Amino acid sequence: MNYLGFTTRKLGDYEGGEKFYLQGLQIDPHHNGINEYLGEFYVATNRMDMAKERLEVLKTCNCEEYDELKEIIEGTKNLNIKFMLDIQNSIDARNIIRENKYTEQTAGTADKFVQGNVCILPSKYAMDFAAFCQKNPKPCPLIGFGTKGDPLLKDLGDVDIRTDVPQYRIWNNGKIVDEPLDIKKYWNDDLVTFVLGCSMSFELPLIEAGIPIQHIENDTIVPMYRTSIDCEPAGQFSGKLVVSMRPLNSKDAIRSIQISSRFPAVHGAPIHLGDPSEIGIKDIMNPEYGDPPKAFKNNEIPVFWACGVTPQSVLQDSKPDFCITHAPGKMLITDKLNNDLAAL
């Protein structure tokens, strides 16, 4: 029943998944895994009394399931990555993030839906940044934007940009001064939101084609690097291109080019394969953003895609007096389907 509950929830049927878990508890009321997982589910769906009932059952187990659920209920620990990977509905994922119950990377969560990089600027910078995106469509493919002073992005779903990203960065004059879980206190009527396409939109098709994605398998943030490649400047905005990297064998690298080329609205095909020094990356095990990759297998090469974290590199160089971005790897999950962005 535990497996059936997991599988049913993975398919997006949360009511059905809950029923299987409850049936499992009828067979074994003290099953540690079911009680913990059901408790986490109740926390995520704001049924705290029911979550505490599961915790009470686990109280005498002397197990890590009790400790983890207790921390989640008390708010000293957020829902973990493994739990979020089971969330297949974009609205459910955003609701969990909106309530600050999950603050980690979003790769693999609601993976049929488009995720976006976020850049929020005072209106005086909006025209120049829009022009920058137009001149640099590989790293900065614009998939949505807001009107001045409006935090709601209705074209992307029931999105409130003030709360619906797991973690933000606040920038003053090119430097990070805060990394809050919401931006309610920073929001004002002069801000304009830009949402840029993200490579996570083509990762699901890669996985469906049997191509292993190292950072998803390891529950880490994709490694991202500041290169020596200059972006096309626009007004105040100029700086270096940022790329994301995935280690692949030669066969999978070729297939990944074919697949990602179908998604020009989310970075498209890779911009480089092989020797990282050719694009100014000195140490591939030490990315500027995200997590370091695991050791490469003998038959793997690094494959690099233009990355939507590029605006954060540009902010360092251009130094606008104020800006808000997402924290790398912690994206806005929209209601747009990845397949809707496919060109073919």
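It should be noted that the structure appears before, not after, this text.
Conventions adopted
- Residues numbered from 1 in each chain as written.
- Predicted model: local features only at pLDDT ≥ 70, side-chain atom pairs only at ≥ 80, totals over all residues.
- Heavy atoms only, no water.
- Helix = DSSP H or I, 4+ residues; strand = E, 2+ residues; numbered from the N terminus.
- Buried < 20%, exposed > 50% of the residue type's maximum accessible area, 1.4 Å probe, protein only.
- Contact = heavy atoms within 4.5 Å.
- Areas by Shrake-Rupley, 256 points an atom, 1.4 Å probe, with all protein chains shown as cover.
- Lys, Arg positive; Asp, Glu negative; His and termini not counted.
- Charge placed at Lys NZ, Arg CZ, Asp CG, Glu CD.
- Pairing = 2+ DSSP bridges.
- Axes fitted to C-alpha atoms, helices over the stretch in contact; angles between N-to-C directions.
- Parallel < 35°, antiparallel > 145°, perpendicular 65-115°, else oblique.
- Nonpolar A, V, L, I, M, F, W, Y, C, P; charged D, E, K, R; others polar.
- Polar contact = N/O pair within 3.5 Å; in protein donor to acceptor, adjacent residues only side chain to side chain.

Novice: I would appreciate a short explanation of the overall build of the protein in the present structure.
Specialist: Scanning the protein from terminus to terminus reveals 12 helices and 11 strands. Across its three principal axes, the protein shows a C-alpha extent of roughly 65 × 50 × 35 Å. For the protein, the residues scored as buried account for 55% of the 344 residues in total. Counting only contacts in the protein whose residues sit at least 6 apart along the sequence, the fraction spanning at least 24 positions is 72%. Carbon and sulfur atoms make up 50% of the accessible area of the protein, which totals about 15,100 Å². For the protein, the separation between the mean place of its 36 positive charges and that of its 48 negative charges on side chains is 3 Å.

Novice: What is the right way to look at the pairing of strand E3 (residues 168-172) in this model?
Specialist: Sheet faces and side chains relate simply in a regular strand, where the side chains alternate between the two faces. Across the five residues of E3, four count as buried, placing the element largely inside the fold. With four bridges joining them, E3 and strand E10 (residues 323-326) adopt antiparallel strand pairing. When the bridges of E10 are listed, Ile170 appears paired with Ile324. Examined bridge by bridge, E3 and strand E4 (residues 175-178) share three bridges and lie antiparallel to one another. Bridge pairing in E4 links Trp171 to Ile176. Linking E3 back to E4 in an antiparallel pair, the connection comprises two residues, with Asn173 at a positive phi of about 50°.

Novice: Looking at this model, I keep getting lost on the packing of helix H3 (residues 32-44) against helix H5 (residues 64-74). Mind explaining?
Specialist: Angle between the axes and distance between the axes are the two parameters that describe a pair of packed helices. For the pair H3 and H5, interaxial distance at closest approach is 9 Å and the crossing angle is 10°. The angle between H3 and H5 falls in the class roughly parallel. Residues Asn32, Asn35, Glu36, Gly39, Glu40 and Val43 of H3 form the contact with H5, whose own contacting residues are Glu65, Glu68, Leu69, Ile72 and Ile73. Within the contact of H3 with H5, the residues separate by chemical class into four nonpolar, three polar and four charged.

Novice: It is not clear to me how the sheet that holds strand E9 (residues 300-306) should be interpreted in this structure. Could you clarify?
Specialist: Sheet strands pair by backbone hydrogen bonding; their relative direction is either parallel or antiparallel. The strand order across the open sheet built from four strands is E6-E7-E9-E8, with neighbouring strands paired in antiparallel fashion. The sheet is open, and its two borders are formed by strand E6 (224-230) and strand E8 (272-273), each paired with just one other strand. Pairing analysis gives four bridges linking E6 to strand E7 (residues 240-249), with the strands arranged antiparallel. Within E7, the residue paired with Met224 across the bridge is Ser244. The strands touched by helix H11 (residues 250-260) within the sheet are E7, E8 and E9, with E7 carrying the most contacts at an inclination of about 130°.

Novice: What is the right way to look at the side chain of Glu18 in this model?
Specialist: Here Glu18 shows up in helix H2 (residues 14-27). Residue classification places Glu18 among the buried residues on the basis of a relative accessible area of 13%. Engagement of the side chain of Glu18 in a polar contact is seen with the side chain of Tyr42, the distance being 3.2 Å. At 3.2 Å, the side chain of Glu18 and the side chain of Arg47 are in polar contact. Filtering out sequence-adjacent residues up to four positions away, Glu18 remains in contact with Leu38, Phe41, Tyr42 and Arg47.

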